[in-house]
Every structure is written in structure tokens, then in C-alpha cells.
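Structural overview
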Amino acid sequence: MSNPLALPTLLGEYAGTRALRRGDVKSSVVDLKFADVKGAATAFKRVVRDLEFDVAELAIVTFLLAKAHGKPLVLLPAVVLGRFQHPYLVYNRERGPLAPGDLTGRRVGIRSYSVTTATWVRGILAEDWGVDLDRVTWVTFEEPHVAEFRDPPNVERAGPGKDLIGMLLAGEVDAAIVADRTPPDPRVVPLIPDPDGAARAWREKHGAIQVNHMVTVKASLSRSHPHVVEEVYRLLAESKRAAGPPAPGELDTTPFGVEANRRNLEVAIDYVHRQRLIPRRFTVDELFDDVTRRM
């Protein structure tokens, strides 16, 4: 191609994407036009509602909901953010003892019901601590990314001017699922005992990592320009290689390739389906198309 194809792109800056974002990894085939956003998650609605981007980072649960509602997006087997969610369930220790299994019948604050971190944590609570998710009141602050999704009846919206940590400190919620591992108040601490040890045990039990964000492309782009989609994947893979391998003894939390992610995606699909966010269990292969499945 004499002129690179310009592609509106949503992609955050992480260790594995930094070389691409900063122009150290280049292409004569595509020109990725990165959206100027504070964080990729702030634009996920634009991905699934407006189909604004040809290439877009997207939370895996948002992608699965988007697929369930017929959005024309295709997954690339490229994880750009993965982490274990156990440390992100927190409580106010000054309000007395609380265990994860005590949350049945309690109030838990979350940004939005269908966000990926909250979905992973709910699955952990149900599976490992016996929490009845239908008997928890989930207090949210934002609507779902996918407009067609409807929150279940045990979800309520926080009042105007409320914030998650403030409600936790005031006792208006008993626990919260937060985005930052280091909350801004020392009274706010992880609710799951030894969260890192719990994460290791979860990993050993499931043989998987907890995927947060992967990369998607428009289905129309994959159909009309498969070589462009292949080039996008090459750029992402080269950028990941530029970041270097994980430190000795550390997991690769941003694996690339369908087979490298098969088990990760199987577990994610299972968690999402069991929480009734999607009507059926997708197979891993149907998340991809004939172009992206062979990557």
C-alpha cells in the first residue's frame, strides 16, 4: 500500500503497548490514530454504542455483552491488561470485622454492575465464599457500557454527589470494588484475607488468569481488509516484545494467541454466563472470525 490506512484507534498505554503508542513500532500499512482520552475505559461506551473505532481496547465482559447484543466487533487474541482481582474488594476496617462470606444480605458499592473487575469479584465471592449474589444489593454509579443490557433488580444507583469511598467510610455500603489497589484512605483495606495468596490459589484451581482488556476490531474491517487486521496484530505483538519478558517467577498477564488465551476465555465466559449477563455460553472460537482465529 502506497498510503497507510488511517484507523481510528482506542488503546491505553501499558508496558506492552508503550512502544506502539510512542511510535517506536511503525507500519507502512496502517496509521493508528490514537484517541486522546484520559483512560481507555472512559471511551468504552463509544466503542460499543457508536462503533467509533476501527481498532479498540475493550474490557472482556463489555465485549461479551456487546456480542450477545449483536455488535459487529471481532476479538483479537491480544490481552493488553490482565490482573487478579482479589485485592480490589475492600472494606472499612474501623467499622468492625467482616469476612467475604458475610456479604450475603449486605450492600456493596461498584462503579457499574457489568464492569469486568466487578464481574470477576462477584464470581470469586460466589464460588469461593458461598455468597448469594442475588441477595447482595449492588450500589452503582454508572450505567452499563452496552445500552441494551439491563441491570438486575438488586442493583440500585447511588444518589447525586455520592462517591464510592465516601459511602464506604460512612457505612452506606459494607464493602466496595475499587479500581485502585491502593485506596486513598488507610482505613480501606482488602476484604479477602491474603489476597495475593488467594489469587495464586485461584490460578492453580482454574489454570487461568483473569483477563481485563483485550483488543477488538470492527467486523467490517476484518472482512474488507484482513491484511490490515493482521498488521494491527503484528504491531501489538511487536510492541509487547519490546517491553521484554515478565520478571523471573512472574506470570505473563498479557498473553497473545488464541491457544494461549483459550482457558482464560473459557473461564471468563463461564463467570459471565453464570451471573446471567449473557444468555448462553459462547465457545471461545466464536469470539473470533476466520482472520483473527488463526493469529
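What comes next concerns the included structure. (Residues numbered from 1 in each chain as written. Predicted model: local features only at pLDDT ≥ 70, side-chain atom pairs only at ≥ 80, totals over all residues. Heavy atoms only, no water.)

**Comments concerning the packing of helix 4 (residues 116-129) against helix 9 (residues 258-274)**
Running from amino to carboxyl end, helix 4 crosses helix 9 at an angle of 75°, the nearest separation of the two axes being 10 Å. Considered as vectors, helix 4 and helix 9 are oriented roughly perpendicular to each other. Mapping the contact onto sequence places Thr119, Trp120, Gly123, Ile124 and Glu127 in helix 4 and Val267, Ala268, Tyr271, Val272 and Arg274 in helix 9. Considered class by class, the residues forming the contact of helix 4 with helix 9 number six nonpolar, two polar and two charged. (Axes fitted to C-alpha atoms, helices over the stretch in contact; angles between N-to-C directions. Helix = DSSP H or I, 4+ residues; strand = E, 2+ residues; numbered from the N terminus. Parallel < 35°, antiparallel > 145°, perpendicular 65-115°, else oblique. Contact = heavy atoms within 4.5 Å. Nonpolar A, V, L, I, M, F, W, Y, C, P; charged D, E, K, R; others polar.)

**Quick look at the nonpolar core**
Counting residues in each nonpolar core, the largest one holds 65 residues, and the members touching the most others are Leu10, Ile60, Leu64, Leu89, Leu103, Trp138 and Leu287. If one sorts the elements of this core by residue count, helix 9 sits on top with seven residues. Those residues in contact with Trp138 that sit more than four places away from it in its chain are Val108, Ile110, Tyr113, Arg122, Leu125, Leu133, Asn154, Val155, Glu156 and Ile177. One finds Leu11, Val25, Val80 and Val215 within the second-largest nonpolar core, a separate group that totals 27 residues. (Core = buried A, V, L, I, M, F, W, Y, C linked by side-chain atoms within 4.5 Å. Buried < 20%, exposed > 50% of the residue type's maximum accessible area, 1.4 Å probe, protein only.)

**Examining the environment of Asp196**
Its place among the elements puts Asp196 in helix 6 (residues 195-206). Along the chain, Asp196 and Pro87 lie 109 residues apart, while their C-alpha atoms are 7.2 Å from each other.

**Re the packing of aromatic side chains**
All chains considered together, the criterion is met by six aromatic pairs. Arranged with centres 5.7 Å apart and planes meeting at 90°, the rings of Trp120 and Trp202 form a pair that is edge-to-face. Placement of the pair is Trp120 in helix 4 and Trp202 in helix 6, with a sequence separation of 82 residues. Trp202 gets classed as buried once you look at its relative accessible area, which sits at 2%. Arranged with centres 6.2 Å apart and planes meeting at 85°, the rings of Trp202 and Tyr271 form a pair that is edge-to-face. (Phe/Tyr/Trp six-rings, centres within 6.5 Å; stacked < 30°, edge-to-face > 60°.)

**Observations regarding the sheet that holds strand 8 (residues 155-157)**
Read from one edge of the open sheet, six strands run 8-7-6-9-5-10, paired in mixed fashion. This sheet does not close on itself; its edge strands, each paired only once, are strand 8 and strand 10 (188-190). Strand-to-strand twist of the sheet, defined as the mean angle between neighbouring strand axes without regard to direction, takes the value 35°. Across three bridges, the pairing between strand 5 (residues 89-92) and strand 10 is antiparallel. When the bridges of strand 10 are listed, Val90 appears paired with Pro190. (Pairing = 2+ DSSP bridges.)

**Overview of helix 4**
Taking 1.5 Å of rise per residue, 14 residues should cover 20 Å, and helix 4 covers 19 Å from first to last C-alpha, within 8% of that figure. For helix 4, the tally of buried residues reaches ten of 14 residues, placing the bulk of the element in the interior. Considered for burial, the residues of helix 4 that qualify are Thr116, Thr117, Ala118, Thr119, Trp120, Val121, Arg122, Gly123, Ile124 and Leu125. (Expected span 1.5 Å × (residues − 1).)

**Side note on the pairing of strand 1 (residues 5-10)**
Judged from the five bridges that link them, strand 1 and strand 2 (residues 30-34) form a sheet pairing that is parallel. Across the sheet, Thr9 pairs through a bridge with Phe34, a residue of strand 2. Of the pairings in the sheet, the one linking strand 1 to strand 3 (residues 55-59) comprises two bridges and is parallel in character. Counted as the bridge partner of Leu10 is Ala56 from strand 3.

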